[in-house]
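Structural overview
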Amino acid sequence: MASPNSSNDQVLVEGKLFVRKLILNRPKQLNALSYTMISRLLELFLAYEEDPHVKLIILKGMGRAFCAGGDVTAVVHHIREGNWRFGANFFRKEFTLNYVMAAYSKTQVSFLNGIVMGGGAGASIHGRFRVVTENTVFAMPETALGLFPDVGASYFLSRLPGFFGEYVGLTGARLDGAEMLACGLATHFVHSTKLPLLEEALCGADLNDLVNISAIIEKYADQPEVKEKSAYRRLDIIDRCFYHRTVEEILSALEKEAIKRNDEWISAAIQSLKKASPMSLKITLRSIREGRLQGVGQCLAREYRMVCHVIRGEISRDFIEGCRAILLDKDKNPKWEPSSLEKISDDMVDCYFRKVDDEDWEDLKLPARSNLPPFALAKL
């Protein structure tokens, strides 16, 4: 009998014909990805790729969340005990899973019916079809935690329209399903009441043709209106503010816009930037900018370097402090160090993008991929 914490319990598997349904099953933790879950998902994805009886994978979450991110509290616990290598192993495994999903030879359909943040985005956005609903809430909230949008986010955020990716990545702004569809993070919007019907239709379909799979999802899809107050309707202002080279210039541009117009999203963006870790903002902006010119594998390899520097805490210990203030003590009052953007030099930022100075450390080695469809090949 499986123990309550076994991988078989944390990731449930159901099969029907040529379809495998993988269900993230830690509902009390909003399906936050543990090391056990990540390892199990990677094992299953690699096995299904070799199995001729599997043609489509449906990934979904139990309860009110798809996945609220990676379970970083365990990482922080080990860092506090002087063991940063646990975190390095955690992120190595997670980023490898992200890469396999991005460069996958079979079709992944993710049902994002609820909360999808951080690591949850990494486990879904890289796949072929991302189905959102009226319940979807998306965010990359890492800058408020002293981290940065990882899991390949520098790849997918940098490819959103204009400079919307910089806005989402720096501010941690929440998006609903309609906004995700409009900006390209989602491929389809399906009302949650139709998901069981869609699932049943996919299980009985001809899965050899990608166009056919897309057409089936389209049958159940709606075209929702983006809300009038949505920041996505202000893409011209976002582009005007977030195209700047530095975080300081972006903040200054937003403050000038706030004087000209009374828009809630502008003041919310300013407040988010001022509350976030200054170091996180600096490395996030550079990461997204570099991601525009890199394939998904290059992005993940660079992000692995960055996250190892973050968890080692040699330049800044903001990740430990952010997790303490937001996730553990929950006083929501982190004391960042360096405490302001002005105190961060270019050389300090550069350090995050260099190899880690440790004789046992290695760069991220990603598995070889073959027989990929054009959708996956284009990302490499």
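Residues take numbers from 1 onward in each chain, read along the sequence in its written order. Where totals are concerned, whole chains, interfaces and linings use all residues; where local detail is concerned, this predicted model gives features only for residues with pLDDT of at least 70, and gives and counts side-chain atom pairs only at 80 or more. Only hydrogens and water are set aside; all other atoms, that is, all heavy atoms of the structure, feed into the side-chain values.

Focus on empty space enclosed by the protein
Quick reminder of the rule: Whether a set of points on the 1 Å grid over the protein atoms alone is a cavity depends on a 1.4 Å probe fitting there but being unable to get out, while an open set qualifies as a pocket with protein on both sides within 12 Å along at least five of seven lines; lining residues are those with an atom within 4 Å of a point. Grid points are joined across faces, edges and corners, and a volume is the space filled by probe spheres set on the points. Secondary structure elements are taken from DSSP: a helix is a run of H or I of four residues or more, a strand is a run of E of two residues or more, and numbering for both begins at the N terminus. Classification convention: Asp, Glu, Lys, Arg as charged; Ala, Val, Leu, Ile, Met, Phe, Trp, Tyr, Cys, Pro as nonpolar; all other residues, Gly among them, as polar.
Under the criterion given, the structure shown has one cavity of 30 Å³ or more. Of the pockets and cavities examined, the largest cavity occupies roughly 50 Å³. G146, M279, S280, I283, V310, S316, D318, F319 and Y352 are the residues that line the largest cavity. Elements that contribute at least two residues to the lining of the largest cavity include exactly α14 (278–291) and α16 (318–328). Of the residues in the lining of the largest cavity, the class split is five nonpolar, three polar and one charged.

Some details on helix α10 (residues 210–220)
What counts is decided by this rule: Type-normalised accessible area, obtained with a 1.4 Å probe on protein chains alone, sets the label of each residue: buried when under 20%, exposed when over 50%, and partly exposed for intermediate values. Think of it as the arc spanned by the lines of direction from the helix axis to the C-beta atoms. In this analysis, two residues are considered to be in contact whenever any of their non-hydrogen atoms come within 4.5 Å of each other. Two N or O atoms form a polar contact when they lie within 3.5 Å of each other; inside protein one atom must be a possible hydrogen donor and the other a possible acceptor, and for residues adjacent in sequence the pair counts only when both atoms belong to side chains.
Those residues of α10 that fall on the buried side of the exposure criterion are I213, I216 and I217. The buried residues of α10 all sit within an arc of 95° when viewed along its axis, so they share a single face. Set apart from the buried face of α10 by more than 90 degrees, the exposed residues are V211 and K219. Its buried side turned inward, α10 meets β3 (56–61), β5 (107–112), β7 (129–132), β10 (188–190), α9 (195–203) and β11 (221–222). Between a side-chain oxygen at the N-terminus of α10 and the backbone nitrogen of V211 the separation is 3.0 Å; the capping residue is D209.

Structural notes on the pairing of β3
The side chains of a regular strand alternate, first on one face of the sheet and then on the other. Where we set the bar: Any two strands between which DSSP finds at least two bridges are classified as paired. For crossovers, right-handed means that the path from the first strand over the helix to the second runs clockwise, given strands pointing away from the viewer.
Counting buried positions over the six residues of β3 gives five, a clear majority of the element. Note that strand β2 (residues 19–24) and β3 share six bridges and pair parallel. Within the sheet, the bridge partner assigned to R20 lies in β3 and is I57. In this region the chain leaves β2, passes through helix α2 (residues 35–50) and returns to the parallel neighbour β3; the handedness of that crossover is right-handed. Of the pairings in the sheet, the one linking β3 to β5 comprises four bridges and is parallel in character.

What to know about the packing of helix α7 (residues 164–171) against helix α13 (residues 264–275)
The cut-off we apply is this: Between N-to-C directions, angles cover 0 to 180 degrees, with each direction set by a line fitted to C-alpha atoms, over the stretch in contact for helices. Here roughly perpendicular refers to angles of 65 to 115 degrees, roughly parallel to angles under 35, roughly antiparallel to angles over 145, and oblique to all remaining angles.
It is at 9 Å that the axes of α7 and α13 come closest, and there the two elements cross at 55°. Judged by the inter-axis angle, α7 sits oblique to α13. Along its contact with α7, which presents Y167, L170 and T171, the element α13 presents W265, A269, S272 and L273. For the contact of α7 with α13, the class distribution of residues is five nonpolar, two polar and no charged.

Section: the pattern of salt bridges
Under the convention used in this document: For salt bridges, the criterion is a side-chain nitrogen of Lys or Arg within 4 Å of an Asp or Glu carboxyl oxygen.
Throughout the structure, instances matching the rule amount to 32 salt bridges. Residue K365 pairs with E362 through a salt bridge whose shortest N-O separation is 3.5 Å. On the accessibility criterion, K365 (61% relative accessible area) is exposed. A cluster of three or more residues bridged by salt bridges with shared partners is formed by R85, R312, E314, D358 and D360.

So, the side chain of K106
Test applied: Note that His is not counted, nor are the chain ends; the positive residues are Lys and Arg, and the negative ones are Asp and Glu.
Mapped onto the secondary structure, K106 falls in the loop between α4 (84–102) and β5. D51 provides the closest opposite charge to the buried, salt-bridge-free K106, at an N-O distance of 5.9 Å. Only 2.7 Å separates the side chain of K106 from the backbone oxygen of V54, close enough to count as a polar contact. Setting aside chain neighbours within four positions, we find K106 in contact with Y48, E49, D51, P52, V54 and K55.

Description of the sheet that holds β7
Ordered by their spatial adjacency, seven strands build an open sheet running β1-β2-β3-β5-β7-β10-β11, and the pairing between neighbours is mixed. Each edge of the open sheet is held by one strand with a lone partner, namely β1 (11–16) and β11. Of the strand pairs in this sheet, β1 and β2 are connected by six bridges, and their pairing is antiparallel. Each bridged residue has a counterpart across the sheet, and for V13 the counterpart in β2 is L22. Each of β3, β5, β7, β10 and β11 touches α10; the most contacted strand, β10, lies at about 40° to it.

Brief notes about the environment of G165
For G165, the location among the structural elements is in helix α7. The exposure class of G165 is buried, given its relative accessible area of 0%. Taking the C-alpha atoms as reference points, G165 and R312, separated by 147 residues in sequence, lie 27 Å from one another. Not counting residues within four places of it along the chain, the set of residues in contact with G165 comprises L157, L160 and I288.

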